[in-house]
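Coordinate analysis (summary)
Listed here are the chains, written in short residue letters.
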Amino acid sequence: MDRVLVEKRDAGAIAPVGSRPGVPRLVAWAALAGAGLTVLAVVAMLLRRLPTGSRLAGWTYPYDRAAGEWHVVWPALVVAPAVLGLLWLSRRLPVRFDRAVVAGWFLAVIPLQLLLRRYALPSLGDIVVSDRANSFHSPSQRWSIGEFMGDYMGLVEQLPPHARTNMPGKTMLYFLLDALGLGPVAMGVAVLAVANLSAVLLWLIVRDLTGDRRIALYTLVLGLFLPGALYFVPVLNAVSPVPILLALWLHVRFLKTGRAGYALGLGGALYLTVFVEALPLVLGIVFAALLGVALRRRETSWSDALRLAGFALVGFAACYAAMWGLFGYDLFDNFAYVLADANDFNARWRPYGMWVTRNLWYLALAAGVASCVMLAAAAFDAVRRRSVHPAAVLTLSGIAVLIVLDLWGINRGETVRLWIFLAVYLQIGAAWLCARTERFWPTAVLVSATVLQAGIGSAMIGFVRI
């Protein structure tokens with residue numbers, strides 16, 4: 001199957017983004033408009049004028065600093081040139097160094113991310129140990145893994161708020177970090193590193209689907225500096241994209257190779273997704289879109305699709321059986337409990353009609369204002385051109401996920417945090433638009449705007465309370 005895909009790509013069915021001597025008008029205007037709106041948003045943050053919720057609608061984030069504290073800008077002014085320098089160098093390295101480039105970004109980005117959060121309140125360590133901000137650490141100190149998972153539904157009412165209303169996978173991460181002997185500050189840095197895996201997985205997905213190094217690289221960098229993730233880390237919503245993006249990559253690998261091992265792994269990754277946080281399963285629309293396109297192009301047969309579903313079901317069932325056999329833990333009972341609690345909370349506190357529109361604005365706080373402008377331009381162009389490029393499929397199916405998720409109403413408010421998994425995925429559309437030209441400046445403008453928004457937002461707004 002790999003040979004067939006390579007032949008079709010060579011024939012133009014999956015062509016790399018075309019290079020132009022100049023910058024396409026759509027790319028230039030979208031980059032400049034996104035940067036301009038980001039500057040306005042950042043100034044509004046510094047003057048405490050940017051809306052950060054609605055008391056009438058049942059949720060708001062307070063500002064942590066007084067208006068006009070312009071000194072909090074300097075970390076972003078230091079980080080942005082460093083990121084652009086690394087990005088410029090990464091673009092120029094030969095293809096054989098691609099994996100080394102990604103490994104280098106994964107290691108080098110953490111100090112830059114920590115510097116960007118220089119004025120964020122409270123500290124990583126304080127967030128880790130706070131039951132109000134992060135209820136997943138204290139259970140790992142109170143019970144052993146066997147005690148915790150062996151009687152989870154009996155213990156759930158004793159857990160602090162966030163741990164009680166979430167699946168236990170997040171708490172299990174802290175069992176692992178505690179087993180490594182890490183203290184609270186080191187745990188916070190470790191969570192940041194795990195969250196960065198979502199950007200690496202996006203790089204793998206985009207590279208495997210498009211064969212375009214530039215789109216994959218830009219997606220990686222935008223994912224590493226996602227404002228929403230940097231606002232909330234080490235709160236574990238920053239980690240929530242990792243299982244579903246792992247599942248999506250395994251899905252892509254099966255579509256390319258037809259190997260049963262990838263489908264079995266997909267089933268296990270889907271179990272892990274529910275075990276950590278079930279909401280990202282809405283990205284199943286993307287899975288279906290990629291499978292549908294592969295079937296339509298006859299790159300995958302119906303028998304392969306049935307094999308994919310069958311082996312994925314076996315992988316999921318194996319994980320379910322293992323957890324049931326080891327601990328007596330029932331994933332479906334736990335999920336039903338969490339879903340009922342979420343529905344009850346919304347019915348009592350969060351009116352649907354107010355948030356179905358406001359949520360879209362708060363997605364821009366998570367994904368980056370500039371990225372959202374670029375995403376909208378990329379989606380418009382894909383529809384106008386009826387593009388069949390794999391990046392167009394990823395972009396438009398991501399927009400479909402956003403529409404379904406917003407109209408569904410399961411999340412009302414707090415989407416800066418709850419939609420981090422979608423915000424990081426939607427960076428693909430912005431990266432695809434930037435990759436339309438070999439010129440560096442549109443990407444430099446987009447990345448700089450993203451870094452600036454992440455740094456100023458972290459310093460000014462109290463996204464996390466302890």
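This is a predicted model, so every value here is computed, not measured.

Residue-level pLDDT values for the protein chain average 92, and 95% of them are 70 or greater. Note on residues 1–16: pLDDT is under 50 here. Beyond four places in sequence and across chains, it has 29 contacts.

This part covers the packing of aromatic side chains. The full count for this structure, using the stated rule, is 17 aromatic pairs. Their ring planes at 80° and their centres at 5.7 Å tell us that Phe-275 and Tyr-329 sit as a pair that is edge-to-face. In this pair, Phe-275 is assigned in helix α15 (residues 260–276) and Tyr-329 in the loop between α17 (302–327) and α18 (331–349), connecting sequence segments 54 residues apart. Like Tyr-329, Phe-275 is buried. By way of ring pairs, the aromatic residues Trp-143, Phe-148, Tyr-152, Phe-175, Tyr-271, Phe-275, Phe-316, Tyr-320, Tyr-329 and Phe-332 are connected into one cluster. In this arrangement the basic side chain of Arg-118 is found over the ring face of Tyr-119, its NZ or CZ atom lying 4.9 Å from the centre. Between Arg-358 and the ring centre of Trp-355, over which it is positioned, the NZ or CZ distance is 6.0 Å.

Attention shifts here to helix α24 (residues 427–434). Most of α24 sits out of view: 8 of its 8 residues are buried. Every buried residue of α24 is listed here: Gln-427, Ile-428, Gly-429, Ala-430, Ala-431, Trp-432, Leu-433 and Cys-434.

So, about helix α10 (residues 169–179). A large share of α10 lies buried, amounting to 8 of its 11 residues. Regarding α10, the residues found buried are Gly-169, Lys-170, Thr-171, Met-172, Leu-173, Tyr-174, Phe-175 and Leu-177. Each element contacted by the buried residues of α10 is listed here: α5 (124–129), α6 (137–142), α7 (145–150), α9 (161–164), α11 (184–210) and α15. Of the residues flanking the end of α10, it is Gly-181, one or two places downstream, whose phi is positive at about 75°.

Moving on, we come to the nonpolar core. A general feature of soluble globular proteins is that nonpolar side chains tend to end up buried together. Counting 169 residues, the largest nonpolar core has Trp-105, Phe-225 and Tyr-425 as its most contacted members. With 15 residues, the top contributor of residues to this core is α11. Leave out the neighbours within four places in its chain, and Phe-225 touches Val-79, Val-83, Trp-105, Val-109, Leu-112, Gln-113, Leu-116, Leu-230, Thr-450, Val-451 and Ala-454.

Omega for the bond connecting Leu-121 with Pro-122 falls within 30 degrees of zero, at -5°, which places this linkage in the cis form. Inspection of the secondary structure puts Pro-122 in the loop between α4 (98–116) and α5. Here Val-233 and Pro-234 are connected by a cis peptide whose omega angle stands at 10°. One can find Pro-234 in the loop between α13 (227–232) and α14 (241–257).

What follows covers the environment of Arg-213. Counting through the fold element by element, Arg-213 comes out in helix α12 (residues 213–224). For the pair Arg-213 and Ala-376, spaced 163 residues apart in sequence, the C-alpha to C-alpha distance is 22 Å. A distance of 2.8 Å separates a polar atom in the side chain of Arg-213 from the backbone oxygen of Leu-93.

Definitions and cut-offs
- Residues numbered from 1 in each chain as written.
- Predicted model: local features only at pLDDT ≥ 70, side-chain atom pairs only at ≥ 80, totals over all residues.
- Heavy atoms only, no water.
- pLDDT = per-residue confidence, 0-100.
- Contact = heavy atoms within 4.5 Å.
- Phe/Tyr/Trp six-rings, centres within 6.5 Å; stacked < 30°, edge-to-face > 60°.
- Helix = DSSP H or I, 4+ residues; strand = E, 2+ residues; numbered from the N terminus.
- Buried < 20%, exposed > 50% of the residue type's maximum accessible area, 1.4 Å probe, protein only.
- Lys NZ or Arg CZ within 6 Å of the ring centre and 35° of its normal.
- Core = buried A, V, L, I, M, F, W, Y, C linked by side-chain atoms within 4.5 Å.
- Polar contact = N/O pair within 3.5 Å; in protein donor to acceptor, adjacent residues only side chain to side chain.

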